[in-house]
Amino acid sequence: MKSYRISSHWRPLLIAFLLLIIYAEVLQRLFLNWLQDENYSHGLIIAPLIIFILYLDRNLLKQQLGYPTPIAGLLLITTAFFLLLIGTLGAELFIQRISFVFMLSGIIVYSFGFRLLNLLTVPLTLLIFSIPIPQIIFNKIAFPLQIIASQVAVWGIRFFGVPSIVKGNVIEILPQGAIQIVQLEVVEACSGIRSLMSLATLAIILAYFTKDQPIKIELRNRDLWRMSLLILLAIPTAVFTNSIRVMLTGVLTYSYGRQALQTSYHQISGLAVYLLALIILIGFNYLLKGLFKNNPISEKQIDLPGNSTEMQARTASYHKSINLLLIFLTLGALIAKFIDARSDVTPQRRQLQEFPRILGNWKQIGSDIYFSPEIEKILQASDYLVRDYASPDGKVVNLYIGYYNSQRTGVTYHSPQNCLPGTGWELKNPSLITINTASNREAPVNFYVIQNTESRELMIYWYQGRGRILSSEFQAKIYMILDKVLKRRSDGAMIRITIPSSENEDVENLRALIDFSTQVIETLPSFVPD
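Residues numbered from 1 in each chain as written. Predicted model: local features only at pLDDT ≥ 70, side-chain atom pairs only at ≥ 80, totals over all residues. Heavy atoms only, no water.

Caption draft 1: Structural context of the pairing of strand S7 (residues 396-404). With eight of nine residues buried, S7 is to be regarded as a mostly interior element. Relative to S7, strand S6 (residues 383-390) is paired through eight bridges, and the arrangement is antiparallel. Along S7, the bridge assignment pairs Arg387 with Leu399. The antiparallel hairpin formed by S6 and S7 contains five residues in its connecting segment, where Gly394 sits at a positive phi of about 95°. (Buried < 20%, exposed > 50% of the residue type's maximum accessible area, 1.4 Å probe, protein only. Helix = DSSP H or I, 4+ residues; strand = E, 2+ residues; numbered from the N terminus. Pairing = 2+ DSSP bridges.)

Caption draft 2: Molecular detail of the side chain of Ser517. Mapped onto the secondary structure, Ser517 falls in helix H17 (residues 506-523). Taking relative accessible area as the criterion, Ser517 reaches 0% and is therefore assigned buried. Residues contacting Ser517, with those up to four places away along its chain left out, are Ile435, Ile460, Trp462 and Ile497. (Contact = heavy atoms within 4.5 Å.)

Caption draft 3: Spatial organisation of the nonpolar core. In this structure, Tyr23, Met103, Leu126 and Leu329 are the most contacted members of the largest nonpolar core, which totals 70 residues. In terms of residues, this core owes the most to one element, helix H10 (residues 193-209), which gives ten residues. Not counting residues up to four positions away in its chain, the partners in contact with Tyr23 are Ala80, Leu84, Gln96, Ser99, Phe100 and Met103. Counting 32 residues, the second largest nonpolar core, distinct from the first, contains Tyr389, Ala443, Val520 and Phe527. (Core = buried A, V, L, I, M, F, W, Y, C linked by side-chain atoms within 4.5 Å.)

Caption draft 4: Looking closely at the packing of aromatic side chains. Going through the model one piece at a time under the given rule, you end up with 14 aromatic pairs. Between the aromatic rings of Phe371 and Tyr400, the centroid separation amounts to 6.0 Å while the plane-to-plane angle is 55°, which identifies the pairing as tilted. Highlighted residues: Phe371 in the loop between strand S5 (362-365) and helix H14 (373-379) and Tyr400 in strand S7, separated in sequence by 29 residues. The exposure class of Phe371 is partly exposed, given its relative accessible area of 24%. (Phe/Tyr/Trp six-rings, centres within 6.5 Å; stacked < 30°, edge-to-face > 60°.)

Caption draft 5: Molecular detail of the side chain of Gln96. Relative to the helices and strands, Gln96 resides in helix H5 (residues 93-112). Leave out the neighbours within four places in its chain, and Gln96 touches Tyr23, Val26, Leu84, Gly87, Thr88 and Ala91.

Caption draft 6: Structural detail: helix H2 (residues 46-56). Inspection of H2 places Ile46, Leu49, Ile50 and Ile53 among the buried residues, and these make up the whole buried set. Looking straight down H2, one finds its buried side chains confined to an arc of 100°; they lie on one side. (Arc of directions from axis to C-beta.)

Caption draft 7: Representation of the environment of Leu287 within the structure. Inspection of the secondary structure puts Leu287 in helix H12 (residues 263-291). Counting along the chain gives 61 residues from Leu287 to Arg226, while the straight-line C-alpha distance between them is 9.9 Å.

Caption draft 8: Structural detail: H17. Here H17 contains 18 residues, and its C-alpha end-to-end distance of 26 Å stays within 8% of the 26 Å for a straight helix at 1.5 Å per residue. Regarding H17, the residues found buried are Asp506, Asn509, Ala512, Leu513, Phe516, Ser517, Thr518, Val520, Ile521 and Thr523. (Expected span 1.5 Å × (residues − 1).)

Caption draft 9: Layout of the pattern of salt bridges. Enumeration over the complete set of coordinates arrives at 16 salt bridges. Lys216 is the partner of Glu218 in a salt bridge, and the nearest nitrogen-oxygen pair spans 3.4 Å. The exposure class of Glu218 is partly exposed, given its relative accessible area of 26%. In this structure Lys216 comes out as buried when scored by relative accessible area, which is 18%. (Salt bridge = Lys/Arg side-chain N within 4 Å of Asp/Glu carboxyl O.)

Caption draft 10: Representation of the layout of surface pockets in the model. In this structure, the second largest pocket spans a volume of roughly 1,200 Å³. Ile50, Leu54, Leu104, Ile108 and Leu120 are, among the 35 residues lining the second largest pocket, the residues nearest its centre. The set of elements that each furnish at least two residues to the lining of the second largest pocket consists of helix H1 (2-36), H2, helix H3 (58-63), H5, helix H7 (121-129) and helix H13 (308-341). Here the element with the most residues in the lining of the second largest pocket is H1; it accounts for nine residues. Looking at the lining of the second largest pocket, its residues break down into 30 nonpolar, three polar and two charged. (1 Å grid on protein atoms, 1.4 Å probe; cavity = no way out; pocket = protein on both sides within 12 Å on 5 of 7 lines; lining within 4 Å. Points joined across faces, edges and corners; volume = space filled by probe spheres on them. Nonpolar A, V, L, I, M, F, W, Y, C, P; charged D, E, K, R; others polar.)

This is the structure:
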């Protein structure tokens, strides 16, 4: 009897150990992300919360194990390994982390069946909401929310008789007795996006602790619908409450000037707004409870296993199939470690500081520009160059080259579509331009008009490395995966060039921008190896 108990417990421990080997680096980076990113700091409480929920539901989970479904489980586990491979080779952290959810789901289905997985809807949903979404998707959500929050806030500010002007996500106010305009920039924190993910998590928690029946993925499960609606209602709640925060800041700025923008007030108002959002969410939950009224279901009313003989049969089936799962996970762990240990080849190249100071008719003006340590830490580029060049007719362009020796650990290009919206720039009129170089090389590049409250510029950017020039970030990821496998290389660079321009000068300035870009493309190979 003693040996049987030992054998029945070491298998789950071994599975957990293998998962730790496979996902150690992924989970470590996710934990650091929770510590460093305020948008997802709620992730720190997710693991303890999931453990608590599992403890509360322990009796129900034991009774609803269901029969193991090895084939479906192996399909989910295989999908998880594939996503982990793609995410690792493509330096895409989101895919790596989502693969962990697939892996857990696959192990549960393999060992216990879909019935148990369905009962774990809430813990798995909490885990998914703790995973940071890709930055490009984040910005697609954040910037529209910034605009909406700005417009709602300005309406409130004007309601109190305060004259104000809104330009995109920036609100301009002239304080009483002042001669200098104060600009309030509605960034992610003020648009509601920073509190959105934590509010969505609270919506899930509210739904769980006020449920009348286990929350499962079933069309007739009213608590599931209530939870889904609560998550959706977290979006307008976050935007509305943060608009109130911006509105009050604007009114106080009009009365007291820049003193209203002090850090202490900003922190206090942020906490107050979050509490207000929580109260509103609780109110929504109360209304939805009345709308989606269930007949309370006790655990005794749920379809439970009929007798001990059936439970013994399920236990025997579990023990027979678990060894195959262990073999499968062991092979996966070995493959994952092999890929992780396979270091990238770093080609010989010249440092970007040696980049020519004269390119055709263009000459460098001023000294090289360096970012602050904080920005350098965010970029994590192996080498970068920021420099201004001028043409004989007085046109000035700004060149940025960010080079990465390896992108295997998630350190990768920072696309302008990710970085610029968060700093107040609006990207407009996107198009694709093909540049033909003197060496008959065709280079597809992205073109945008970018502007904020103070500047308007034309921008061209592209990705270059390993013999390719690409405009698509997605294509760059695909080729990086292929080159990682075939060439053991993931090096490359993102090049961005901008020129100030008014609307009536766009044609002339675009011609100058293309001319300079052509010079850069011809010169880059010794600095960004093919």
